[in-house]
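Here is what each chain is made of, one letter per residue.
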Amino acid sequence: MTDTFPVFVTCLPGLEPFLLEELAGHHIAAETVPGGAEFEGSIETVMRACLWLGTASQVLIRLTQFRCRALGELERKAMELPWRDWLVGRVPLTLSSRSRRSRVYHTGGISERIYNAIGKTFGQAPMLAKDSEDVVANIVTRFNEDICTISIEATSTPLHRRGYRLDARKAPLREDIAHALVLASNWSTKGAMLDPFCGSGTIAIEAAGLAMGLAPGRLRPAAMQQTARFDIDSWQELCAETAPREPVGKIAASDRDKGAIAATRANAKRAGVQHVIDCQQHALAAQPWLEGRDVTEHGTLITNPPFGVRVSGNNNLIPLYQTLGHRMKALGDGWNTMILAHDMRLARRTALQLKPKFSTKHGGLAVTAMGSVTADENKSSSATDRES
Ligand SMILES: C[S@@+](CC[C@H](N)C(=O)[O-])C[C@H]1O[C@@H](n2cnc3c(N)ncnc32)[C@H](O)[C@@H]1O
């Protein structure tokens with residue numbers, strides 16, 4: 001029988017519903033918990049999650065959980081773990097520890113005890129990873145109200161680092177937030193998609209990947225490769241399951257900045273989606289679709305306009321948001337909008353009927369995805385109005 005393990009998938013706060021939907025889409029029955037989702041799964045399921053989840057940050061396999069109130073007890077109990085089933089001697093380690101409301105609170109001491117336990121199992125001091133190393137085994141120890149949980153991360157680096165965004169412009173959006181924006185926009189991939197503030201191209205590239213049925217983790221190193229449980233055949237089989245299709249709707253990305261266009265094209269090429277993204281340099285006001293030229297009847301604008309914090313400093317962004325709103329209205333009811341907003345006053349300047357779809361943190365800033373009100377949302381709000 002295949003071994004199964006408790007697995008915890010982490011995501012940015014606010015992305016949990018999308019994560020759960022993605023898991024369900026891959027027939028992984030999970031439960032949402034704050035900051036992620038939990039399920040019981042085999043190594044093959046763990047690898048599938050690493051390959052296919054676009055909104056996840058980390059996949060952690062729980063190795064053990066026990067009550068613990070002293071560092072000596074931690075080392076003793078950690079030595080009972082079958083480390084040789086998980087770790088490969090030549091792969092360097094990172095040890096991350098956290099403690100909340102527990103008698104054992106010194107995180108440096110926790111890491112030291114885990115280090116000792118692994119060293120005693122292997123009969124030699126484990127190698128610790130240097131910053132430059134790509135393949136590392138991350139051991140994560142968490143104390144919460146005296147309950148200690150020790151896990152191993154299924155990948156060496158967080159999942160949002162897809163591997164295509166080597167050219168980054170100012171204030172690039174995290175790939176997992178871009179992925180969630182596309183999912184939350186309800187973009188029917190048969191319609192067109194436009195990002196007129198594309199920067200490094202993250203949103204258009206994530207959208208293209210979704211429309212083509214590409215795995216978000218396709219460019220990443222194999223999951224579990226840093227562990228003793230790595231099974232290259234299963235990984236290759238999983239990767240071979242992908243059957244890319246050509247998207248139906250047109251995808252366009254534009255930006256007023258020449259460097260942004262070069263970055264988007266280079267990133268899209270690395271992601272293998274350059275042929276499906278029409279990427280041109282235009283200021284918002286001169287974007288052909290937004291001027292009503294060559295535009296299809298149905299589409300979705302998904303974008304991360306300048307917030308006025310990092311990109312445009314104190315420039316007055318109100319006219320930019322107003323223009324965006326006018327142009328979207330002119331495109332008619334066949335077009336939906338999804339914008340990532342930091343300052344709600346600016347979002348309101350679009351004068352579009354938008355509703356918060358999710359809120360999260362982006363580089364320390366609180367951001368909210370503001371999307372067009374759907375027909376269902378409209379119906380239920382008019383029903384509520386009638387009742388009150
Ligand atoms: C927050 S950044 C977008 C970041 C992007 N989502 C990414 O992942 O890299 C905003 C972008 O809007 C562009 N921009 C600002 N004003 C513009 C305008 N009037 N017309 C078109 N692009 C503009 C900037 O050049 C910048 O690349």
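Keep in mind that this is a model prediction, so the values were computed, not measured.

Focus: empty space enclosed by the protein
According to the stated counting rule, one finds one cavity of 30 Å³ or more in the structure shown. The leading source of residues in the lining of the largest cavity is helix H6 (residues 202-212), at four residues. Residue classes in the lining of the largest cavity are distributed as six nonpolar, two polar and three charged.

Considering the site of the ligand
The immediate surroundings of the ligand are formed by 18 residues, with Leu173, Ser200, Thr202, Asp255 and Leu284 found nearest. Between an oxygen atom of the ligand and a side-chain N or O atom of threonine 202, the distance comes to 2.6 Å. The contact in question runs from a nitrogen atom of the ligand to an N or O atom on the backbone of arginine 256, over 3.2 Å.

Observations concerning the sheet that holds strand S11 (residues 299-303)
The strand order across the open sheet built from seven strands is S10-S9-S8-S11-S12-S14-S13, with neighbouring strands paired in mixed fashion. Looking along the sheet, the strands with just one partner apiece sit at the ends: strand S10 (277-281) and strand S13 (354-362). For this sheet the average axis-to-axis angle between neighbouring strands, irrespective of direction, equals 15°. With three bridges connecting them, strand S8 (residues 192-195) and strand S9 (residues 251-255) associate as parallel partners. Looking across to S9, one finds that aspartate 195 is bridged to alanine 253. Lying on the sheet, helix H8 (residues 258-271) is in contact with S9 and S10; it crosses S10 at an angle near 160°.

Overview of the nonpolar core
Membership of the largest hydrophobic core comes to 90 residues, with the highest contact counts inside it found for Val59, Trp83, Ile139, Ile150, Leu181, Val273 and Ile277. Two domains share this core, each providing at least three of its residues, namely domain 1 (5-153) and domain 2 (175-214 + 221-385). Excluding residues that lie within four positions of it along the chain, valine 273 makes contacts with Ile205, Ala208, Gly209, Met212, Leu214, Arg218 and Ala268. Of all hydrophobic cores here, the second largest spans 21 residues; its members include Phe197, Leu290, Leu331 and Leu354.

With respect to the packing of aromatic side chains
Here the structure, examined in full by the defined rule, presents three aromatic pairs. A ring pair is formed by phenylalanine 5 and tryptophan 86, whose centres lie 5.0 Å apart and whose planes are at 75°; its orientation type is edge-to-face. Residue phenylalanine 5 is located in strand S1 (residues 5-10), and its partner tryptophan 86 is located in the loop between helix H3 (71-79) and strand S5 (93-100); the two are separated by 81 residues in the primary sequence. Accessibility assignment for this pair places phenylalanine 5 and tryptophan 86 in one class, buried.

Observations regarding the sheet that holds strand S4 (residues 58-67)
Pairing is mixed across the open sheet formed by seven strands, whose spatial order is S2-S3-S1-S4-S7-S6-S5. On the outer flanks of this sheet lie strand S2 (31-33) and S5, each paired with one strand and no other. The sheet shows a mean angle of 30° between the axes of neighbouring strands, direction not considered. Bridge count between S4 and strand S7 (residues 147-153): seven bridges; the pairing is antiparallel. Residue pairing in the sheet places threonine 64 in a bridge with isoleucine 150 of S7. Lying over the sheet, helix H2 (residues 43-52) contacts S1, strand S3 (36-41) and S4, oriented at roughly 135° with respect to S4. On top of the sheet, H3 reaches S4, strand S6 (137-144) and S7; it is set at about 115° to S4, its chief contact.

Notes on the pairing of S1
Two strands pair when backbone bridges link them, and S1 and S3 are joined in this way by six bridges, in the antiparallel orientation. Bridging across to S3, threonine 10 finds its partner in glycine 36. Inspection of the sheet shows S1 paired to S4 by four bridges, in the antiparallel sense. Paired with threonine 10 across the two strands is glutamine 58, which belongs to S4.

Thoughts on the domain arrangement of the protein chain
Where the parts come together, the accessible area they lose is often given as the size of the interface. Under the domain assignment, the protein chain is made up of domain 1 (5-153) and domain 2 (175-214 + 221-385). Distance between the C-alpha centres of domain 1 and domain 2: 32 Å. Taken together, the contacts link 31 residues of domain 1 with 27 residues of domain 2. Roughly 2300 Å² of surface becomes buried between domain 1 and domain 2 when both sides are summed, with 70% attributable to carbon and sulfur atoms. Area buried by domain 1 at its contact with domain 2 is led by Phe18, Met47 and Trp52, which between them contribute 25% of it. Seen at the junction of domain 1 and domain 2, the total is two salt bridges. Across the salt bridge formed by arginine 229 and aspartate 85, the nearest N and O atoms sit 3.9 Å from each other. Linking domain 1 with domain 2 are six residue pairs in polar contact (both at pLDDT 80 or more), by the criterion used here. Looking at which element gives the most residues to the side of domain 1 that touches domain 2, the answer is H2, with eight residues.

Rules behind the numbers
- Residues numbered from 1 in each chain as written.
- Predicted model: local features only at pLDDT ≥ 70, side-chain atom pairs only at ≥ 80, totals over all residues.
- Heavy atoms only, no water.
- 1 Å grid on protein atoms, 1.4 Å probe; cavity = no way out; pocket = protein on both sides within 12 Å on 5 of 7 lines; lining within 4 Å.
- Points joined across faces, edges and corners; volume = space filled by probe spheres on them.
- Helix = DSSP H or I, 4+ residues; strand = E, 2+ residues; numbered from the N terminus.
- Nonpolar A, V, L, I, M, F, W, Y, C, P; charged D, E, K, R; others polar.
- Near = heavy atom within 4 Å.
- Polar contact = N/O pair within 3.5 Å; in protein donor to acceptor, adjacent residues only side chain to side chain.
- Pairing = 2+ DSSP bridges.
- Axes fitted to C-alpha atoms, helices over the stretch in contact; angles between N-to-C directions.
- Contact = heavy atoms within 4.5 Å.
- Core = buried A, V, L, I, M, F, W, Y, C linked by side-chain atoms within 4.5 Å.
- Buried < 20%, exposed > 50% of the residue type's maximum accessible area, 1.4 Å probe, protein only.
- Domains from an automatic or database assignment.
- Phe/Tyr/Trp six-rings, centres within 6.5 Å; stacked < 30°, edge-to-face > 60°.
- Buried area = accessible area lost by both parts, 1.4 Å probe.
- Salt bridge = Lys/Arg side-chain N within 4 Å of Asp/Glu carboxyl O.

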